[in-house]
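# Fold and geometry: a report
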Amino acid sequence: KLNKPIALWPGNPDAEISLGADNHRSHILLGIHHELSRHQGALQLLPADLRQGDLVRLEGTLQDRADELGGVISFPMYGEVRFLEFLDRIRIPCVTINQFDHLSRFNYVATDFYGGALLAADHLAAGGARAFWVLDFPLQKAYSAALRVSGFKDGLLRNGLANAKVRIEQPEYYHEPAGTS
């Protein structure tokens, strides 16, 4: 039995995250909720939009309740470390969903972005593809994008496709429509 509740910080104020929503983050939330329920634990959602001055208020609330909280699970946005550093200072354990940056200074659970892209290249090459178009997040916005691009290129090399036609697009702004995953 878990004696203290676990809080979840969605990190992105534009992404709907709830137990009923049908998107990637909400599916992760549902899995976390089910696991906590199995161990008689509780989950609390923290406000997502911490860029509007709420961060200071939330930090004060968490500092006052630090001994009541078992930890925080976070979906951080690239470049937003202040909240994670605050949790570290007041000794609230935190785990981020996906690797936050190349320094890996925070605990995280993540998809193997490099390995997944390597396998994608293998699969496409085995199917006879010789021209590729990769659409991904901008490298400067998502650390995982660099891993995917690197894995895909290495997969092409290991399949003898060093001269394959590859178009990689990473638009400045990517928005996942609500209700998609």
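Residues numbered from 1 in each chain as written. Predicted model: local features only at pLDDT ≥ 70, side-chain atom pairs only at ≥ 80, totals over all residues. Heavy atoms only, no water.

## Describing the pairing of strand 3 (residues 71-74)
Selection criterion: Summary of the burial criterion: residues with accessible area below 20% of their type's maximum are buried, those above 50% are exposed, and those between are partly exposed, where the area comes from a 1.4 Å probe applied to protein chains only. Helix and strand assignments come from DSSP, with helices taken as H or I runs of at least 4 residues and strands as E runs of at least 2, each series counted from the N terminus. The rule for pairing is simple: two strands pair if DSSP sees at least two bridges between them.
Burial along strand 3 is two-sided: G71 and I73 facing one way and V72 and S74 facing the other are all buried. Alignment of strand 3 against strand 4 (residues 94-97), held across three bridges, turns out to be parallel. Looking at strand 4, one finds that V72 is bridged to C94.

## Side note on the nonpolar core
Note the cut-off: Put simply, a nonpolar core is a bunch of buried Ala, Val, Leu, Ile, Met, Phe, Trp, Tyr and Cys residues held in one set by side-chain atoms that sit within 4.5 Å of each other. Working rule for contacts: check all heavy atoms of both residues, and any pair within 4.5 Å makes them a contact.
Formed by 14 residues in total, the largest nonpolar core has its most connected members in L62, L69, V72, F83, L87 and I92. Of all elements in the fold, only helix 2 (54-64) and helix 3 (82-89) reach the threshold of two or more residues within this core. Per-element tally for this core: the top contributor is helix 3, with four residues. Dropping the residues within four chain positions of it, I92 is found in contact with L62, A66, L69, G71, V72 and L87. Counting nine residues, the second largest nonpolar core, distinct from the first, contains A121, L156, L161 and A164.

## Observations regarding the packing of helix 4 (residues 113-126) against helix 5 (residues 143-158)
Note the threshold: Each axis is a line fitted through C-alpha atoms, and for a helix only the stretch in contact is used; angles between axes span 0 to 180 degrees, taken between their N-to-C directions. By convention the crossing between two helices is left-handed if the near helix lies anticlockwise of the far one by an angle smaller than a right angle, and right-handed if it lies clockwise. Ten residues, namely Ala, Val, Leu, Ile, Met, Phe, Trp, Tyr, Cys and Pro, are considered nonpolar, four, namely Asp, Glu, Lys and Arg, are considered charged, and the remaining ones, Gly among them, are considered polar.
At a minimum axis distance of 7 Å, the contact between helix 4 and helix 5 shows a crossing angle of 35 degrees. Crossing hand, helix 4 versus helix 5: right-handed. Every residue of helix 5 that contacts helix 4 at F113, Y114, A117, L118, L119, A120, A121, D122 and L124 is listed here: S144, L147, R148, S150, G151, F152, D154, G155, L156 and R158. Here the residues of the contact of helix 4 with helix 5 sort into 11 nonpolar, four polar and four charged.

## Concerning helix 5
Rules: Here the expected length of a helix is defined as 1.5 Å per residue gap, with one fewer gap than residues. By arc we mean the arc of the directions from the helix axis to the C-beta atoms, nothing more.
In a regular helix each residue adds 1.5 Å, so 16 residues correspond to 22 Å; helix 5 covers 23 Å between its end C-alpha atoms and thus fits that length. What helix 5 keeps buried is the set S144, A145, R148, V149, G151, F152, G155 and L156. Viewed along the axis of helix 5, the buried residues span an arc of 165 degrees, placing them on a single side of the element. Lining the buried residues of helix 5 we find helix 4, strand 6 (131-135) and strand 7 (165-169). After helix 5 finishes, the residue G160 shows a positive phi value of roughly 70 degrees.

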